[in-house]
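Survey of secondary and tertiary structure
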Amino acid sequence: TGLFIEVSPTRLSVFQASRPGPRCLSQRLEPAHMERVWQGNPADASGALASIASEFGSNPSSPVVFFQSPTSVSGLFSCPAQVRDITSAARMSLSEMASFEIESNAWCVQPIDRDRNGPKRRHVVVSAETDESLRHLRQLCERSGMPDAILVPIEAALLSRAVDTAIAHSKTEEPLIS
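Please read all numbers here as calculations on a predicted model, not as lab measurements. (Residues numbered from 1 in each chain as written. Predicted model: local features only at pLDDT ≥ 70, side-chain atom pairs only at ≥ 80, totals over all residues. Heavy atoms only, no water.)

Quick look at the packing of aromatic side chains now. If you walk through the whole model with that rule in mind, you get one aromatic pair. Judged by centre distance (6.3 Å) and plane angle (20 degrees), the rings of F4 and F66 are stacked. One end of the pair, F4, is in strand 1 (residues 2-7); the other, F66, is in strand 4 (residues 64-67), with 62 residues separating them in the sequence. F4 sits in the partly exposed class, given a relative accessible area of 30%. (Phe/Tyr/Trp six-rings, centres within 6.5 Å; stacked < 30°, edge-to-face > 60°. Helix = DSSP H or I, 4+ residues; strand = E, 2+ residues; numbered from the N terminus. Buried < 20%, exposed > 50% of the residue type's maximum accessible area, 1.4 Å probe, protein only.)

To continue, consider helix 1 (residues 31-38). All of the buried residues along helix 1 are M34, V37 and W38. Burial along helix 1 is one-sided: seen end-on, the buried residues are contained in an arc of 95 degrees. Those residues of helix 1 that are buried lie in contact with strand 1, helix 2 (43-54), strand 4 and helix 4 (131-143). Of the residues flanking the end of helix 1, it is G40, one or two places downstream, whose phi is positive at about 95 degrees. (Arc of directions from axis to C-beta. Contact = heavy atoms within 4.5 Å.)

What follows covers the sheet that holds strand 5 (residues 73-80). Overall, antiparallel pairing links the three strands, which are arranged 5-7-6 in an open sheet. Edge positions in the sheet fall to strand 5 and strand 6 (106-114), since each of these pairs with one other strand and no more. Sheet twist, expressed as the mean angle between neighbouring strand axes with direction ignored, is 20 degrees. Here strand 5 runs beside strand 7 (residues 121-129); their pairing, made up of eight bridges, is antiparallel. Bridge assignment links G75 to a residue of strand 7, and that residue is V126. Helix 3 (residues 86-97) contacts strand 5, strand 6 and strand 7 of the sheet and is inclined by roughly 140 degrees relative to strand 5. (Pairing = 2+ DSSP bridges. Axes fitted to C-alpha atoms, helices over the stretch in contact; angles between N-to-C directions.)

Right under this line is the structure:
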């Protein structure tokens, strides 16, 4: 079983992937509680998160935390398949999207796939977050009893899944939306 946690501006949700089916518990938060998380004071939210997670039994050692923060930025970057250094090109695109210097903060370029039909292009999801926001989110997880949580910007996860789905449908040439 896996534990997945969503941290958004107004809600903490905990999902447990298990048999016979997934379970979900959620708690609405006042926007001020999440604002305090991003300011380095996660007390209100960490108590709520620990309470929700305890409903599932013992806390896992490394749950996946999908988060949405005020400083997180994610996007999709595509280029012709023959471009050799897609990471550098994608990083330049990411630095234009972010409102902060990405070289001195956390950033990632995740290759997705290549097109199978039509003009051949390579696709990557790019994501960046300030070290300060990650530190505050890590504090939230530690105070909630989950010091080894895996942090993933929710926009990056959604983009990756959307591109995977689109490429899979292009291989079969079935319409994505019918």
